[in-house]
Amino acid sequence: MNWKLLLIIAFFCWMIKTSFCERRLRIESSPTEITRSGHLVERIQHSNFDPEDKAGKGVSPSTTKEILFFLSEISPANRLYLVYDNTYPDMDTRLKLLSEGSREITVVKLISGHDLLFAIISSPATDISTDRRHIVVFCSLANVVEIFKLVASRNLESRSLWWIVVATSREVVRLLERVLREGSHVVVIEFEKANLFKLFSTRIMIDGTVWLKEIGTWEKTSGGYSSRLSSEVFVDLDRFYSNFEGRRLTITAMDNNPYIVLQEQAGGELKAVAGFEFTMMKSLSEALNFTYRMMTPDDGKWGGPTENGSVVGMIGNVYNRLAHFAVSEITITGVRETVIDFTYPHYIETLTLLSRAPMERNRTFAILSPFSLLVWMYIIISILTVGALLTVQTWIMGKYLPEKPKGYRINDSIFSMFRSILMQDSLITTNYLPHQFLLLFWYLFCLNISALYSGILIATLIKPSFEKPIDGLTDLPAAIKDGFTLVITRGTSMEYLFRSAKEGIYAETWKLFNHRDESKSFIRHSKDVMNKISADKLVLINGHLSLRYLAMEEGIRRFYFARNTFAPQYYGVACISGAPYLPKVNKLLSYMLEGGLITKWRDDEFQKVAGSNIDTESTGPRAFSIRHLQAAFYILLIGMLAAVTALAGEQLSVYFLGI
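Rules used in this analysis
Here the residue index of a chain counts from 1 through its sequence in written order. In keeping with the model being predicted, local features are shown solely for residues with a pLDDT of at least 70 and side-chain atom pairs are shown and tallied solely at 80 or more, while totals for entire chains, interfaces and linings include all residues. To get the side-chain values, all heavy atoms of the structure are used, and hydrogens and water are removed first. Note on pairing: two strands pair once DSSP finds at least 2 bridges between them. Counting from the N terminus, the helices are DSSP H or I runs at least four residues long and the strands are E runs at least two residues long. Exposure categories follow from relative accessible area, calculated using a 1.4 Å probe and restricted to protein chains: below 20% of the type maximum is buried, above 50% is exposed, and the middle band is partly exposed. In what follows, a contact means two residues having at least one pair of non-hydrogen atoms within 4.5 Å. Only C-alpha atoms enter the line fits that serve as axes; for helices the fit covers just the stretch in contact. Angles between N-to-C directions range over 0 to 180 degrees. Pairing of aromatic side chains requires ring centres within 6.5 Å, counting the rings of Phe and Tyr and the six-membered ring of Trp. Pairs whose planes differ by under 30 degrees are stacked, by over 60 edge-to-face, and all others tilted. Each ring is checked for a lysine NZ or an arginine CZ that lies within 6 Å of its centre and within 35 degrees of its normal; such an atom marks a charge sitting over the ring. Each angle gets one of four labels, with under 35 degrees taken as roughly parallel, over 145 as roughly antiparallel, 65 to 115 as roughly perpendicular, and the rest as oblique. Left-handed is the label given to a crossing in which the near helix is rotated counterclockwise from the far helix by less than a right angle, and right-handed is the label when the rotation is clockwise. For this classification, Asp, Glu, Lys and Arg are treated as charged, while Ala, Val, Leu, Ile, Met, Phe, Trp, Tyr, Cys and Pro are nonpolar and the rest, including Gly, are polar. A 3.5 Å cut-off defines polar contacts: any pair of N or O atoms within that distance qualifies, except that in protein one atom must be a possible hydrogen donor and the other a possible acceptor, and neighbouring residues in sequence count only when both atoms are side-chain atoms. Only buried residues count toward a nonpolar core, which is a set of Ala, Val, Leu, Ile, Met, Phe, Trp, Tyr and Cys residues joined through side-chain atoms within 4.5 Å. Distance thresholds for patches are 9 Å for like charges and 5 Å for nonpolar side chains (Val, Leu, Ile, Met, Phe, Trp, Tyr), applied to residues having over 30% relative accessible area and no salt bridge. For the area figures, the Shrake-Rupley method with a 1.4 Å probe applies, and any residue is considered shielded solely by the protein chains shown. Whenever a carboxyl oxygen of Asp or Glu lies within 4 Å of a side-chain nitrogen of Lys or Arg, that contact is scored as a salt bridge.

### With respect to the pairing of strand E14 (residues 270-274)
Alright, step 1. With four bridges connecting them, strand E13 (residues 261-264) and E14 associate as antiparallel partners. Paired with Glu264 across the two strands is Leu270, which belongs to E14.
Alright, step 2. Here E13 hands over to E14 after five residues, with Gly268 in that stretch at a positive phi of 90°.

### As for helix H6 (residues 171-179)
The α-helix winds at 3.6 residues per turn, so residues separated by three or four positions along the chain end up facing the same way.
Alright, step 1. Turning to H6, its buried residues number three or more, namely Val172, Val173, Leu175, Leu176 and Val179.
Alright, step 2. Looking at the buried side of H6, the elements it contacts are helix H5 (141-153), strand E7 (161-167), strand E8 (185-193), strand E9 (196-204) and strand E10 (210-221).

### Re the sheet that holds strand E24 (residues 574-575)
Alright, step 1. Taken in spatial order, the five strands of this open sheet run E15-E12-E16-E24-E17, and their pairing is mixed. Every other strand in the sheet has two partners, leaving strand E15 (290-295) and strand E17 (341-342) as the edge strands with one partner each.
Alright, step 2. Alignment of strand E16 (residues 325-327) against E24, held across two bridges, turns out to be antiparallel. Bridge assignment links Ala326 to a residue of E24, and that residue is Ala574.
Alright, step 3. Where helix H8 (residues 276-288) meets the sheet, its contacts fall on strand E12 (247-253), E15 and E16, and the angle it forms with E15 comes to roughly 145°.

### Some points on the packing of aromatic side chains
Alright, step 1. Tallying each qualifying case throughout the model produces 28 aromatic pairs.
Alright, step 2. An angle of 85° between the planes, with centres 5.3 Å apart, marks the rings of Tyr88 and Phe138 as edge-to-face. Of this pair, Tyr88 sits in the loop between strand E4 (79-84) and helix H3 (91-96) while Phe138 sits in strand E6 (residues 133-138), and the two are 50 residues apart along the sequence.
Alright, step 3. Taking relative accessible area as the criterion, Tyr88 reaches 2% and is therefore assigned buried.
Alright, step 4. Taken together, the ring pairs in this structure connect Phe240, Tyr241, Phe244, Phe290, Phe325 and Tyr581 into an aromatic cluster.
Alright, step 5. Residue placement shows Arg548 over the ring face of Phe606; its charged tip is 4.4 Å from the ring centre.

### Some remarks on the packing of H5 against H6
Alright, step 1. One can describe the packing of H5 onto H6 by two numbers: an axis separation of 10 Å at closest approach and a directional angle of 15°. The pairing of H5 with H6 is recorded here as roughly parallel in orientation. The handedness of the crossing between H5 and H6 comes out as right-handed. Facing Leu141, Val144, Val145, Phe148, Lys149 and Ala152 of H5, the residues of H6 in contact are Glu171, Val172, Leu175, Leu176 and Val179.
Alright, step 2. In terms of residue class, the contact of H5 with H6 is built from nine nonpolar, no polar and two charged.

### Digging into the side chain of Asn86
Alright, step 1. Examined against the element boundaries, Asn86 turns out to sit in the loop between E4 and H3.
Alright, step 2. In this structure the side chain of Asn86 is engaged in a polar contact, spanning 3.2 Å, whose partner is the side chain of Lys109.

### A few points about the nonpolar core
Alright, step 1. Ranked by size, the top nonpolar core spans 82 residues in total, and within it Leu176 and Phe325 carry the most contacts.
Alright, step 2. Ranked by residue count, the leading element in this core is H8, at six residues.
Alright, step 3. With near-sequence residues (within four places) excluded, Phe325 lies in contact with Leu249, Thr250, Ile251, Thr252, Met281, Phe290, Val318, Val573, Ala574, Cys575, Tyr581 and Val585.
Alright, step 4. Counting 26 residues, the second-largest nonpolar core is a separate cluster that includes Ile67, Met91, Val166 and Leu199.

### Quick notes on a nonpolar patch on the surface
Alright, step 1. Nonpolar side chains collect at one region of the surface, where Leu373, Leu374, Met377, Tyr378 and Ile381 lie side by side and expose about 540 Å² of accessible area between them.
Alright, step 2. Considering the arrangement of structural elements, one finds Met377 in helix H10 (residues 373-400).
Alright, step 3. What makes Met377 partly exposed here is its relative accessible area of 42%.

Spelled out as structure tokens, the structure:
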């Protein structure tokens, strides 16, 4: 009876152990969709993997177990993956032989058209500093090389990912050195002989090429395992990239003050000479011990991914690994981050509108500006009414008074009222109470009107009125109708902001650009049109800082900045995808920001232009010029012409009509 109970207990223990191992060891044998940033990763439809490739003999099952045990001991990864092909058809069986103490492993079989491997590579790490992934590759030589070719073609290098390639010949090392790029971190475990392995790890040479450095051996002995290593297997990237040892890097940029100023030297070499981002990159180069050369994109664009799949501009230079960094007022956008990486933002600002300073309104009839048209009409009606009323009063009074008052013709009465409103002596004298009451209140009316007119006229002449300024996107439709042209830099995130909008104010603004003649609305650089803004009635869209600097160079009083800004911009340094030096650069940029250095360098650039372009225009009181008083002379001229016309009319009537 006891032996049956023991048998039952042993059976249940075996079941529990099997269940535990199955949970610990997840074998993926069918395609699985893994998402990246909420989007399904595209599958490989035409893979060059050969699932039947059995070239080269794989390592034995016992060796497989020893390698995985070794990795479980030294690997700091949070997640461990194993990739194999048909070189190891019994991999499932081999993995089941692992002891319970081994690490949890996710297994992927390399199948033609199966994109699970690249979904794993593409999935972002939750925390680059702690979330490390190691992929152990048990594949044929051809498939190993093909994996890294596809990694390079898709820009799938990652700071959090290390590859461990199991090889049976030195040929793997030689071929991998041809296809690996900076950002791919690889350890090669070469099976030398029974129980002995050679270890190789990626390093970067002074010219930027990748080589696999032999770092030692690992072997199984009768007393256990022993290793002889000259350096660490998994390099601490932060420490490694703390010193570039004088490497010569490439920075792509656009000549764009106050961010960076480029000059072509005598030998044709491009050199950065000023700008606060130039000072920032120079400080980085000194801290990390690298030199650099400058380049500009051939198409002259800030750039990014296009609809046809290409990547253009400065972003294209970094994406195609022609440059390590890109700087020059580069906005961090989600679209750009699909092809390259960005540092933390080092500057934040908003977009604004720049137009010519509002023009002063025409002063030809400034003398009439104190009152509205309706007020002038009421004044004229009042003069006519009071003059007529005075004549009617005199006629009525002559009917009942014994002594008839002096009569006034209606035209004389009206003219006298006109003299009164101009504060001239009245031609009317009277001792009659009705006349005196009427004239008393008329004179008070004239005094009030004259005082108001004089005060408003002086204020108008001293502080003239201007045309309505352009203060935001909502003012643009009226400005376009008034003959203004909306201008923006082509190939920038600003253009994409409006072009990609499907609705709302940005979509409406996109319609206002000149799409019939795009050369008028889409320009290469803002500085190309600064001297045309006034004459050609342009409205320029750009970042506030850049426009302010350009306006100061040309004379800031000539321009008007919209009161309402929009679309906050976060500027960063563009780096190659998976740049292993990005965390170190981010740390140094954080120090610069926290210390206020970037703000100081920016202010230094503005002090240069402020000192060389001092506005000496007087702001004190000025005498009235003919421009202020031209309306008075126009009225005099009109009166003289009217008098001449009246004289000519009288002569003609006498001559022809005998009147």
